[in-house]
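# A look at the structure
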Amino acid sequence: MRKLLMIAIAAMVVFTSITCVYSQPLWNMAKDDKAALTLSVWCTAQNVRDLLSTTAGLDSAVNWSKKYGVTKLYLEAFGRGLYAERKTLVDAKNRFLKEGFEVQGGVTTSQFGKNGVGNGWKGAQCYTDKGTQEELQRIFEYAASMFDEIIIDDWYFTTCQCDECTAARGNQTWPEYYGDLMVKMSRERVMKPAHAVNPNVKVIIKFPQWNDQFHMRGYEVVREPEVFDGIWVGTEDRNFDYDTGPGYEIGYNAYFNMRWLESLGSVGGGWFDAGGSRTTVNTYLEQARHTVLGDGRNMILWCYGGYLEAVPKMEALSKELPGLIKLAKIVRGQPIRGVHLLKPGNSEPFEEEWVCSFLGNLGLPFMPANEIDEQAASAVFPVQALKDPGFPGILQRMLDKGTPVVITDGLAKRLAGQEAVLSNKNLTVLKVQGSPKALLKLTREQLKPIRDKLLAPLGMKFDAPNKVELYLFGNNYFVVENINDEAVDVTLDLPHVSNVRKALTLPEDGGNAELSESGNSVRIRLSPRTLVAVEYQ
């Protein structure tokens, strides 16, 4: 494997020496606009060892980064059982800084100390074990000695159920024990020792894309954002397979994850990978678009070594990067508007796992939230809402004052006996039937009454097939994204509209959005897998 990597380095040196002169304008543009959107790449500890330990390897990495518009690198001090050598890390950091890049550190907390037992996750550790705790502290002391910013990759969790963990949890549920344990580790074994070594260091936790399972694995999204200096978000998705794919692999999940976690803490950016054969170029680009729509200021590509072999995807991303920066400028500073969508932190999904990820494909502009907004103009409540003990009373008050509300049938089932709620004229029950992905099968005609009800308080109507996403930014922009593999016709009715113009179409080369205006209606013919941002007065 290492021999093949060295061959790849040699090939890249030749290739990039020929092409880097043509990439300089893209890199210059990326540097000029990095306040709007930064493109970064993560170098694993193995990448550092195999690809950044020689002058030739560093030359190749510099040229590759400039070619594709990367302006920041994260060098992993530890990951998958390997400490990257200090000299290699420092030399690489200094070289990249000299070349005009930003450089910070990273850690992946896997394959060290005692491996977890009975969890099916290779590389997930047992944090009840004292030796694991001590090694965790050493890892962050090591990283903090070299970097002022450290992002923790998404292996910072546990599902261990060894005898020691079983005894330690006592009468707690596993999620309760895991949450308390990981919050304690974060305070005592990560933040405290890291700041003792480097008082200026900022340690950022990255939450993965599987938001409905966080609490089951010790990701305590309510308390951990208060411990760490920031949040990063996993925005990976895959070519969604209706028959076998988990809900977190559908594209809208990336947007939901960004916006929902933003309601819990300070989000810096998103993180996605090339995805191998399970991610086409179209799906790959949609990861980036959803990250930017979610107000991600920085996109981290995981990881450098893998991307050397993902040339078609990198070529597509570099081609779209100018448009993504334009999209970021449209989104930045604009409040999102729309329908209140509640998912309390650490909530149980029951039979509606990933339902929020599928709801976004129904053509409703959602405002994901961790807490109930009783003043919301309209709202959707899935079964996760039951996490809030005051929810039934709040729901009754919202309905009594005329708020249009949609609840899932899973939630309705658990409200059995509350006839004043279930018979209220302002309540609609959405049939999920224990299969959230089945929402993708709803027809245009079936979606119409749901959309009409929830958008009425905004003075809007939206007519489109399923798998067409709608986003509202401020009072003068909306975005429509067609996730279908065929062209669609959509209509958006607004309270007042004039001076309609296309602000952006993605892809800029090949995407097509035909706009027409009639009264207060905007009609759009949108090509497959295409996003359009529209400005209006």
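The structure reproduced in this document is the subject of the present report. It should be emphasised that the depicted structure is a prediction, and the values quoted were computed from it without experimental measurement.

### Structural notes on the sheet that holds strand β19 (residues 488-493)
Spatial strand order, β16-β19-β22-β21: 4 strands in an open sheet with antiparallel pairing. Strands with a single pairing partner mark the edges of an open sheet, and in this sheet they are β16 (461-463) and β21 (513-518). This sheet shows a mean twist of 15 degrees between the axes of neighbouring strands, independent of strand direction. Most of the contacts of helix α17 (residues 444-455) go to β16, to which it runs at about 165 degrees, and overall it touches β16 and β19.

### Remarks on the sheet that holds strand β13 (residues 379-381)
The strand order across the open sheet built from 5 strands is β12-β11-β13-β14-β15, with neighbouring strands paired in parallel fashion. With one partner strand each, in any of the chains shown, β12 (366-369) and β15 (427-430) form the two edges of the open sheet. The average undirected angle you get between the axes of adjacent strands in this sheet is 25 degrees. With 4 bridges connecting them, strand β14 (residues 405-408) and β15 associate as parallel partners.

### Quick look at the environment of Y252
Considering the arrangement of structural elements, one finds Y252 in helix α9 (residues 252-262). In this structure the C-alpha to C-alpha distance between Y252 and I483, which are 231 residues apart in sequence, comes to 9.5 Å. Setting aside chain neighbours within four positions, we find Y252 in contact with H290, C356, S357, G360, N361, F366, E469 and Y471.

### Some thoughts on the packing of aromatic side chains
What the rule picks out here adds up to 36 aromatic pairs. Between W174 and Y177, the aromatic rings sit 6.3 Å apart at their centres with planes inclined by 75 degrees, giving edge-to-face as the arrangement. Here the residue W174 and the residue Y177 both occupy positions in helix α7 (residues 174-197), the gap between them amounting to 3 residues, near one helical turn. You'll find W174 and Y177 in the same group, each marked buried.

### Some words on the environment of L422
If you trace the backbone, L422 turns up in helix α16 (residues 419-422). With relative accessibility at 27%, the residue L422 sits in the partly exposed group. Dropping the residues within four chain positions of it, L422 is found in contact with I407, A412, L415, A416 and L427.

### Some points on the packing of helix α10 (residues 281-293) against helix α12 (residues 311-331)
The geometry of α10 relative to α12 is characterised by a closest axis approach of 10 Å and an angle of 25 degrees between their N-to-C directions. As judged from the angle between their axes, α10 and α12 are roughly parallel. With respect to the hand of their crossing, α10 and α12 are arranged in right-handed fashion. Along its contact with α10, which presents V281, Y284, L285, A288, R289, V292 and L293, the element α12 presents K313, M314, A316, L317, E320, L324, L327, A328 and V331. Per-class residue counts for the contact of α10 with α12 are 13 nonpolar, no polar and 3 charged.

### Quick word on the nonpolar core
If you look at the biggest cluster of nonpolar residues, it comprises 154 residues, and the most contacted ones within it are L52, F96, F140, Y156, F478, V480 and I524. Setting aside chain neighbours within four positions, we find L52 in contact with C43, N47, G57, L58, A61, L75, T88, A92, F96 and Y304. Formed by 19 residues, the second largest nonpolar core is a distinct cluster that contains A379, L411, L415 and V421.

### Some words on α10
Within an α-helix, residues lying three or four positions from one another point in the same direction, as the helix has 3.6 residues per turn. Across its 13 residues, α10 extends 18 Å between first and last C-alpha, which sits within 8% of the 18 Å expected from 1.5 Å per residue. Counting buried positions along α10 yields 11 of 13 residues, so the element is predominantly enclosed. Of the positions making up α10, those classed as buried are T283, Y284, L285, E286, Q287, A288, R289, H290, T291, V292 and L293. With its phi angle positive at about 70 degrees, D295 sits one or two positions after the end of α10.

### Comments concerning the packing of helix α3 (residues 55-68) against helix α4 (residues 86-98)
In contact at an axis separation of 11 Å, α3 and α4 are set at 40 degrees when each is read in the N-to-C sense. As summarised for this structure, α3 and α4 are arranged oblique, according to the angle between their axes. In this structure, α3 meets α4 at a crossing whose hand is right-handed. In contact with T55, L58, D59, A61 and V62 of α3, α4 contributes A92, R95 and F96.

### Quick notes on the pairing of strand β18 (residues 477-482)
Among the 6 residues that make up β18, 6 are buried, leaving the element largely enclosed by the rest of the structure. Neither face of β18 is exposed, since Y477, V479 and E481 on one face and F478, V480 and N482 on the opposite face are all buried. Bridge count between strand β17 (residues 468-473) and β18: 6 bridges; the pairing is antiparallel. Bridged to V468 within β18 is N482. Hairpin connection between β17 and β18: a loop of 3 residues separates the two successive antiparallel strands, and G474 in this loop has a positive phi of roughly 60 degrees. As paired strands, β18 and strand β23 (residues 530-535) are joined by 6 bridges and run antiparallel to one another. Bridging from a neighbouring strand, Y477 pairs with E535 of β23.

### Structural notes on the pattern of salt bridges
All chains considered together, the criterion is met by 36 salt bridges. For the salt bridge of K114 with E164, the shortest nitrogen-to-oxygen distance reads 3.7 Å. Of this pair, K114 sits in the loop between β4 (102-108) and α5 (130-144) while E164 sits in helix α6 (residues 163-169), and the two are 50 residues apart along the sequence. With a relative accessible area of 35%, E164 lands in the partly exposed category.

### A closer look at helix α14 (residues 391-400)
Of all the residues in α14, the buried ones are F391, I394, L395, Q396, M398 and L399. On its buried face, α14 is in contact with β13, β14, α15 (409-414), α16 and β15.

### A closer look at unusual backbone geometry
Backbone geometry follows two general trends: most residues other than glycine have a negative phi, and most peptide bonds adopt the trans configuration. Residues W302 and C303 are joined by a peptide bond in cis, for which omega reads -10 degrees. Relative to the helices and strands, C303 is located in the loop between β9 (298-302) and α11 (304-307). Although it is not a glycine, D295 sits at a positive phi angle of roughly 70 degrees. Residue placement: D295 occurs in the loop between α10 and β9. Its identity as a non-glycine residue notwithstanding, Q433 has a phi of 55 degrees, on the positive side. Of note, Q433 is situated in the loop between β15 and α17.

Thresholds applied
Residues numbered from 1 in each chain as written. Predicted model: local features only at pLDDT ≥ 70, side-chain atom pairs only at ≥ 80, totals over all residues. Heavy atoms only, no water. Pairing = 2+ DSSP bridges. Helix = DSSP H or I, 4+ residues; strand = E, 2+ residues; numbered from the N terminus. Axes fitted to C-alpha atoms, helices over the stretch in contact; angles between N-to-C directions. Contact = heavy atoms within 4.5 Å. Phe/Tyr/Trp six-rings, centres within 6.5 Å; stacked < 30°, edge-to-face > 60°. Buried < 20%, exposed > 50% of the residue type's maximum accessible area, 1.4 Å probe, protein only. Parallel < 35°, antiparallel > 145°, perpendicular 65-115°, else oblique. Left-handed = near helix turned anticlockwise from the far one by under 90°. Nonpolar A, V, L, I, M, F, W, Y, C, P; charged D, E, K, R; others polar. Core = buried A, V, L, I, M, F, W, Y, C linked by side-chain atoms within 4.5 Å. Expected span 1.5 Å × (residues − 1). Salt bridge = Lys/Arg side-chain N within 4 Å of Asp/Glu carboxyl O.

What is shown is where atoms sit, not what they do.
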